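Structural features, examined
In case you want the letters, here they are:
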Amino acid sequence: MNAYSFRIGYIQRKLKMNVRRFLLYSAVILLGGCIPVISLHSLYTEKDVMFEEKLLGTWSQDSNETTWEFTRVDEPNNAYKLIFSDEEGKKGSFIAHLVKLQNRQFLDICPSELPWDPNDPEKMDWPYNSLFLIPAHTFLKIDSIEPKLKMRMTLESKMEELLKDNPEAVKHTFVNDRLVLTASTKELQAFIVRYADDERVFTDEIILGRRKAGQ
């Protein structure tokens, strides 16, 4: 093996080793055919993060097989691992932070896996492409945790209505027709608190019930 081939192999191994830690891709989740708004920056600083035991467990909607499974993780501190599974069995793996702003609670979620089969990283054909991908966040407002987990998510189509009426509401841009929030964490917090009850920011409620063991 020549030096060039050795170096290429080394870079590929390092990339695979660090991929989960650095979350090198943009979060695009499709929930019921709806596209959430993504942000370059998180909604939280360390002082805003809280941990609520009641959120742990598997939650599902009565009307379908969609599930949200929250488990505790050791790193990062006070975070959850969230596995989302839709009715067709398609899944998303995320790191979630429970954020308290004033008297309200929100979830900040960010992908925790690259888009390949986690059991076979060799299936990723273009490992160097991930060097150009960036972390992205999306936000949900929590109305309650028990007895039902009630949340409202952001949707591109709705927030575009707000930004059409008030383009200065929050810093943003469009990338290949995707709405991307570019505001800083401090600016995002001010925006979210101000518009927390605006249905153009947080849309129709998602109501989940706790799934019992064995279900």
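Below or above, wherever it landed, is the structure these notes cover. (Residues numbered from 1 in each chain as written. Predicted model: local features only at pLDDT ≥ 70, side-chain atom pairs only at ≥ 80, totals over all residues. Heavy atoms only, no water.)

1. Digging into helix α2 (residues 156-165)
- Glu-156, Met-159, Leu-162 and Leu-163 are the residues of α2 that are buried. With its buried residues spanning 120° around the axis, α2 presents them on a single face. Relative to its buried face, α2 has exposed residues pointing more than 90 degrees away, namely Lys-164 and Asp-165.
- Lining the buried residues of α2 we find β10 (172-175), β11 (178-181) and α3 (185-194). (Buried < 20%, exposed > 50% of the residue type's maximum accessible area, 1.4 Å probe, protein only. Helix = DSSP H or I, 4+ residues; strand = E, 2+ residues; numbered from the N terminus. Arc of directions from axis to C-beta. Contact = heavy atoms within 4.5 Å.)

2. Observations concerning α3
- Residues of α3 that are buried include every one of Thr-185, Leu-188, Gln-189, Phe-191 and Ile-192, and no others. The arc that holds every buried residue of α3, seen down its axis, measures 165°, which confines them to one face. Away from the buried face of α3 by more than 90 degrees, exposed residues Lys-186, Ala-190 and Arg-194 are located.
- Here the buried face of α3 lies against β1 (38-39), β6 (91-101), β7 (104-111), β8 (138-144), α2 and β11.

3. Considerations on the pairing of strand β12 (residues 205-210)
- Two elements, strand β3 (residues 57-60) and β12, share two bridges in a ladder whose sense is antiparallel. By the bridge assignment, Ser-60 is partnered in β12 with Gly-209. (Pairing = 2+ DSSP bridges.)

4. A closer look at the nonpolar core
- By size, the foremost hydrophobic cluster in this structure holds 22 residues, and its most contacted members are Trp-68, Phe-70, Leu-107, Leu-149 and Met-151.
- For this core, the elements supplying multiple residues, two or more each, are β4 (67-72), β5 (80-85), β6, β7, β8, β9 (149-153) and β12.
- Dropping the residues within four chain positions of it, Leu-107 is found in contact with Leu-55, Phe-70, Ala-96, His-97, Leu-98, Thr-138, Phe-139, Leu-140, Ile-142 and Met-151.
- Leu-181, Leu-188, Phe-191 and Tyr-195 belong to the second-largest nonpolar core, a separate cluster that totals 21 residues. (Core = buried A, V, L, I, M, F, W, Y, C linked by side-chain atoms within 4.5 Å.)

5. Digging into the pattern of salt bridges
- Enumeration according to the criterion identifies 13 salt bridges in this entry.
- The residue Lys-90 makes a salt bridge to Glu-88 at a minimum N-O spacing of 3.5 Å.
- With a relative accessible area of 53%, Lys-90 lands in the exposed category.
- Notably, a salt bridge pairs Arg-104 with Asp-197, separated by 2.8 Å at the nearest N-O pair. Of this pair, Arg-104 sits in strand β7 while Asp-197 sits in the loop between α3 and β12, and the two are 93 residues apart along the sequence. (Salt bridge = Lys/Arg side-chain N within 4 Å of Asp/Glu carboxyl O.)

6. Things to note about the packing of aromatic side chains
- Applying the stated rule across the entire model yields five aromatic pairs.
- Ring plane angle 80° and centroid distance 5.1 Å describe the contact between Trp-68 and Phe-84, whose orientation is recorded as edge-to-face. Highlighted residues: Trp-68 in strand β4 and Phe-84 in strand β5, separated in sequence by 16 residues. Per residue, the accessibility class of Trp-68 equals that of Phe-84, and both read buried.
- With a centroid separation of 5.1 Å and an interplanar angle of 45°, the aromatic rings of Phe-191 and Tyr-195 are classed as tilted. (Phe/Tyr/Trp six-rings, centres within 6.5 Å; stacked < 30°, edge-to-face > 60°.)

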